[in-house]
Amino acid sequence: MIDTLKKHIGEVEKFEADSPEAVEAFRIKYLSKKGLLNDFFAEFKNVPNDRKKEFGQTINQLKTLAAEKVDSLKEALESKGAEQPIYGDLTRPGEPIPLGARHPISIVKNQIIEIFSRIGFNVSEGPEIEDDWHNFTALNLPEHHPARDMQDTFFVQTDPDILLRTHTSTVQVRYMENNKPPIRTISPGRVYRNEAISSRSHCFFHQVEGLYIDTDVSFADLKQTLQFFTDELFGKSKIRLRPSYFPFTEPSAEVDVYWGLETETDYRMTKGTGWLEIMGCGMVDPNVLDNCGIDSEKYSGFAFGMGIDRIALLLHQIPDIRLLSENDVRFLEQFRSAL
Ligand code: PHE
């Protein structure tokens, strides 16, 4: 009995509350008509005479402590409320909260994702720090392949096996390793190349690469898909595919959109041709399919890759790629978009 009382004394001493409701619940628990103290007083008559004194003192101690606690907690809560007076005229209209703007890279990336999602492409992502296999070897670029120099690579520390990905084709390798055809995926992300920084190029930029693998995929499917994409992004547009070379596709092509030659800027942007190069593409080399565990006798596919930054420059007439990474709010505030 006495131990129970002591336990309650400990609890009362420790008790803290941060709301009037909690204080009231505490008061009811100990001090109300049906509270614990009344129970203890009721038990008093059963206590042997020689212990009545000790019991009585302890029970009174608990009662005083509980009552003091209630008073002090109430006081503390009241003075806390009084410390936060409400200043000013509550009927005044609020200050407008300034809304942020999405970064132009995100706007364009979201547009591209949205267009491809309409024809069944999902989005896949992967790590920016990669290994040699996913960035090069699996993509038909074995060690010492001269085409490795097409993308000047940043290596992590001195380990030649660990690098910053130079393209998001790495994600496509990972996707093929982990999924079975049919595959329809696009891989947006940041990539890194050891290039001199200028108004046209940066040592990091963003890509969206696409991959489509199924039975009987042809070059016509590729061209049709790209035509749909450019029509959606740039408005009805003429495209042309020029033969090119990538180690991971065969045949390979470079895609140009017809931009026009109406203004002086058009002349400058298209170097007087009216055409703008926007992406690389091709039929996935059977070696790549086999490297990634897909039967190249049964399946074929196409792939393409484009730089988001360059497209953002085009669509929003941004004169210098460096503006995209300087985080100048005067520049960023100009982009407001629902996407
Ligand atoms: N990975 C290539 C690059 O970064 C682009 C590309 C992707 C080309 C797919 C062809 C097919 O330059």
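Predicted model, so just to flag it, every value in this text is computed and none were measured.

Rules of the game
Residues numbered from 1 in each chain as written. Predicted model: local features only at pLDDT ≥ 70, side-chain atom pairs only at ≥ 80, totals over all residues. Heavy atoms only, no water. Near = heavy atom within 4 Å. Polar contact = N/O pair within 3.5 Å; in protein donor to acceptor, adjacent residues only side chain to side chain. Areas by Shrake-Rupley, 256 points an atom, 1.4 Å probe, with all protein chains shown as cover. Helix = DSSP H or I, 4+ residues; strand = E, 2+ residues; numbered from the N terminus. Nonpolar A, V, L, I, M, F, W, Y, C, P; charged D, E, K, R; others polar. Phe/Tyr/Trp six-rings, centres within 6.5 Å; stacked < 30°, edge-to-face > 60°. Lys NZ or Arg CZ within 6 Å of the ring centre and 35° of its normal. Expected span 1.5 Å × (residues − 1). Buried < 20%, exposed > 50% of the residue type's maximum accessible area, 1.4 Å probe, protein only. Contact = heavy atoms within 4.5 Å. Domains from an automatic or database assignment. Arc of directions from axis to C-beta.

## Here's the deal with the site of the ligand
1) Next: Near the ligand you find 14 residues, and of these His 167, Ser 169, Arg 193, Gln 207 and Glu 209 are the closest.
2) Next: Within the side chain of His 167, a nitrogen or oxygen atom sits 3.0 Å from a nitrogen atom of the ligand.
3) Next: With respect to the ligand, the side chain of Ser 169 contributes an N or O atom lying 3.1 Å from a nitrogen atom.
4) Next: In isolation the ligand has 320 Å² of accessible area, and contact with the protein removes 92% of it.
5) Next: Broken down by secondary-structure element, the contributors of at least two residues to the shell around the ligand are strand E5 (204-214), strand E8 (275-284) and strand E9 (300-307).
6) Next: Top element by residues in the shell around the ligand is E9. It accounts for three residues.
7) Next: Its residues assigned to classes, the shell around the ligand comprises five nonpolar, seven polar and two charged.

## Examining the packing of aromatic side chains
1) Next: In the structure shown here, the tally under the stated rule is 15 aromatic pairs.
2) Next: Relative to Phe 229, the ring of Phe 116 lies with its centre 4.8 Å away and its plane at 20 degrees, an arrangement referred to as stacked. With a gap of 113 residues between them, Phe 116 in helix H5 (residues 104-117) and Phe 229 in helix H8 (residues 219-234) connect regions that are remote in the sequence.
3) Next: Measuring from ring centre to ring centre gives 5.1 Å for Phe 331 and Phe 335, while their planes differ by 70 degrees; the resulting arrangement is edge-to-face.
4) Next: Taken together, the ring pairs connect Phe 116, Phe 121, Tyr 212, Phe 229, Phe 302 and Phe 304 into an aromatic cluster.
5) Next: In this arrangement the basic side chain of Lys 52 is found over the ring face of Phe 44, its NZ or CZ atom lying 5.5 Å from the centre.

## So, H8
1) Next: With 16 residues, H8 ought to run about 22 Å at 1.5 Å a step, and its terminal C-alpha atoms sit 22 Å apart, in line with that.
2) Next: For H8, every residue scored as buried is listed here: Leu 222, Thr 225, Leu 226, Gln 227, Phe 229, Thr 230, Asp 231, Leu 233 and Phe 234.
3) Next: Tucked inside the fold, the buried residues of H8 contact H5, strand E6 (239-246), strand E7 (249-258), E8, E9 and helix H11 (308-315).
4) Next: One side-chain oxygen of the residue at the start of H8 lies 3.2 Å from the amide nitrogen of Ala 220, identifying that residue as Ser 218.
5) Next: Looking one or two places after H8, you find Gly 235, whose phi comes out positive at around 90 degrees.

## Considerations on the domain arrangement of the chain
1) Next: Each domain of the chain was delimited in the assignment, giving domain 1 (2-82) and domain 2 (104-335).
2) Next: Using only C-alpha atoms to locate each centre, domain 1 and domain 2 end up separated by 72 Å.

## Thoughts on the environment of Asp 161
1) Next: Its location among the elements puts Asp 161 in the loop between helix H6 (132-135) and strand E3 (162-164).
2) Next: Distance in space between the C-alpha atoms of Asp 161 and Asp 132 is 5.0 Å, their sequence separation being 29 residues.
3) Next: With residues near it in sequence (within four places) discarded, Asp 161 still touches Glu 130, Asp 131 and Asp 132.

## Quick notes on helix H1 (residues 2-14)
1) Next: Over its 13 residues, H1 runs 19 Å from end to end, which matches the ideal 18 Å to within 8%, given 1.5 Å per residue.
2) Next: When we look at burial in H1, the residues that qualify are Ile 2, Leu 5, His 8, Ile 9 and Val 12. One face of H1 carries all of its buried residues, which in axial projection span an arc of 120 degrees. Away from the buried face of H1 by more than 90 degrees, exposed residues Asp 3, Lys 7 and Lys 14 are located.

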